Amino acid sequence: MAERKDLDFTYSLTDRLVRLSLGELADFSAAKYDGDFSLSLEEAQRHKHDYVAEQIGIEPGRHVLDLGCGWGGLLNYIRDRGATGVGVTLSSAQAAACRRHGLDVHTYDARRVARESFGGVDAVASLGAFEHFCSPEDYAAGRQEEIYREIFERVASVLPARGRFYLQTMVFGRNMIPLEQISTRAPRNSDAWILALMGCQFPGSWLPFGHEQIVRCAEPRFRLVSSISGRLDYIETITQWNRRIGAPSLRKTLLKLQLLPRWLTSADFRLAFTSGVSANKVCFERELLDHYRLVLEKAP
Ligand SMILES: C[S@@+](CC[C@H](N)C(=O)[O-])C[C@H]1O[C@@H](n2cnc3c(N)ncnc32)[C@H](O)[C@@H]1O
């Protein structure tokens, strides 16, 4: 599993850069374009929020738990809809940013959530966090499904019968290669090298194999209501992120300069953030990765 230090590496180091480029309360998971790539990133993120709201019921009086809430994009939407939201993240910088905006966010491990944590809720959402729940070491030790099953048990424990769980996550796609082949020493731009680059960007994280594995682990506590692939939407989302993060600005240059010591001392940091390759975008294009939006309902 990705530990707090791993998530701080991925999300806290880049915290100010992301907020400056994508906005305070930015969403940091795939937007929903539904094939209309003329939409702005914000419009497509709004489509996603509306979709989640429709699927799990976000309306006045409802109480929603967001597992891996990032910079609070969905929690902010939940508040705007008159519902109440509580979120958890393992990135201290994200939690601080959310709290500055008055959101109820805790630095808390989503994999430990229980009724004692935040009480019962009407619905649960988790976007872009499931990717971090199992590590390559967990996978190699045969623990992947056990980890997922425990998470579903815990989520079920905070929901009422027929309560809904919206789960959006990257998964390995149909062209995924074996773990042993993944290496930063593989030829540049090969599948093995691109996946190693992703490993540098998201240390301690290993994905589910297709949505089928997730659905299998969710049973019998949850039944699948719907499942749709958002792979093309993710490619467009990343294209928009790269455009904004790469857009020149003095403040961003100053921020990047502050990361120079890290760049000089960490080969993983250089590979993760300055290799000049958008590893996750290439992985989606090559179908090494896919992306799913799953709506699950707790068994009665
Ligand atoms: C890609 S970001 C997505 C953020 C947000 N859900 C969104 O859509 O903008 C992944 C988030 O999952 C969180 N996360 C990953 N593993 C976690 C864990 N075990 N407990 C709590 N948060 C976790 C990270 O801290 C980060 O906030």
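Structure report, in brief. Remember, predicted model here, so these are calculated numbers, not experimental data. (Residues numbered from 1 in each chain as written. Predicted model: local features only at pLDDT ≥ 70, side-chain atom pairs only at ≥ 80, totals over all residues. Heavy atoms only, no water.)

## What to know about helix H4 (residues 73-80)
Consideration 1: Across the 8 residues of H4, 6 count as buried, placing the element largely inside the fold.
Consideration 2: Taken residue by residue, H4 has Gly73, Leu74, Leu75, Asn76, Tyr77 and Ile78 as its buried positions.
Consideration 3: The inward-facing, buried residues of H4 contact helix H3 (41-56), strand E1 (63-67), strand E2 (84-89), strand E3 (105-107) and strand E4 (123-127).
Consideration 4: Gly82, located one to two residues past H4, shows a positive phi value of around 85°. (Buried < 20%, exposed > 50% of the residue type's maximum accessible area, 1.4 Å probe, protein only. Helix = DSSP H or I, 4+ residues; strand = E, 2+ residues; numbered from the N terminus. Contact = heavy atoms within 4.5 Å.)

## A short note on the site of the ligand
Consideration 1: In the vicinity of the ligand lie 22 residues, with Phe28, Ser29, Gly68, Gln94 and Leu127 positioned nearest.
Consideration 2: Note that a nitrogen atom of the ligand is positioned 2.8 Å from one of the backbone N or O atoms of Ala110.
Consideration 3: At 3.3 Å, a side-chain N or O of Arg111 approaches a nitrogen atom of the ligand.
Consideration 4: Elements represented by at least two residues in the shell around the ligand include exactly helix H1 (4-12) and E2.
Consideration 5: Looking at side-chain class alone, the shell around the ligand contains 11 nonpolar, 8 polar and 3 charged residues. (Near = heavy atom within 4 Å. Polar contact = N/O pair within 3.5 Å; in protein donor to acceptor, adjacent residues only side chain to side chain. Nonpolar A, V, L, I, M, F, W, Y, C, P; charged D, E, K, R; others polar.)

## Quick look at the packing of helix H8 (residues 144-158) against helix H10 (residues 210-218)
Consideration 1: In contact at an axis separation of 8 Å, H8 and H10 are set at 55° when each is read in the N-to-C sense. Overall, the two elements H8 and H10 adopt an arrangement that is oblique. The interaxial crossing formed by H8 with H10 has right-handed handedness. In this structure, H8 contributes Gln144, Glu145, Tyr148, Arg149 and Phe152 to the contact, and H10 contributes Gln213, Ile214, Arg216, Cys217 and Ala218.
Consideration 2: Among the residues making up the contact of H8 with H10, the classes are represented as 5 nonpolar, 2 polar and 3 charged. (Axes fitted to C-alpha atoms, helices over the stretch in contact; angles between N-to-C directions. Parallel < 35°, antiparallel > 145°, perpendicular 65-115°, else oblique. Left-handed = near helix turned anticlockwise from the far one by under 90°.)

## A closer look at the nonpolar core
Consideration 1: Core analysis: the largest hydrophobic core is formed by 67 residues, its most contacted members being Leu65, Val124, Phe152, Phe165 and Phe222.
Consideration 2: Element by element, the count of residues in this core is highest for H8, at 7 residues.
Consideration 3: Discounting residues that sit within four places of it in the chain, Leu65 has contacts with Val86, Val113, Phe118, Val121, Ala123, Val124, Ala125 and Val158.
Consideration 4: Residues Val52, Ala53, Leu75 and Cys98 belong to the second largest nonpolar core, which totals 22 residues. (Core = buried A, V, L, I, M, F, W, Y, C linked by side-chain atoms within 4.5 Å.)

## Observations concerning the packing of aromatic side chains
Consideration 1: On inspection of all chains with the given rule, the structure shows 18 aromatic pairs.
Consideration 2: Arranged with centres 6.0 Å apart and planes meeting at 65°, the rings of Phe152 and Phe165 form a pair that is edge-to-face. On the criterion of sequence distance, the pair formed by Phe152 in helix H8 and Phe165 in strand E5 (residues 164-172) is long-range, its members being 13 residues apart. For the pair Phe152 and Phe165, a shared accessibility class is recorded, and that class is buried.
Consideration 3: Among the aromatic side chains, those forming a connected cluster through ring pairs are Phe130, Phe133, Tyr148, Phe152, Phe165 and Phe222.
Consideration 4: For Lys32, the ring lying beneath its charged end belongs to Tyr51, and the centroid distance is 4.4 Å. (Phe/Tyr/Trp six-rings, centres within 6.5 Å; stacked < 30°, edge-to-face > 60°. Lys NZ or Arg CZ within 6 Å of the ring centre and 35° of its normal.)

Interpretation in functional terms is not warranted from these geometric data alone.
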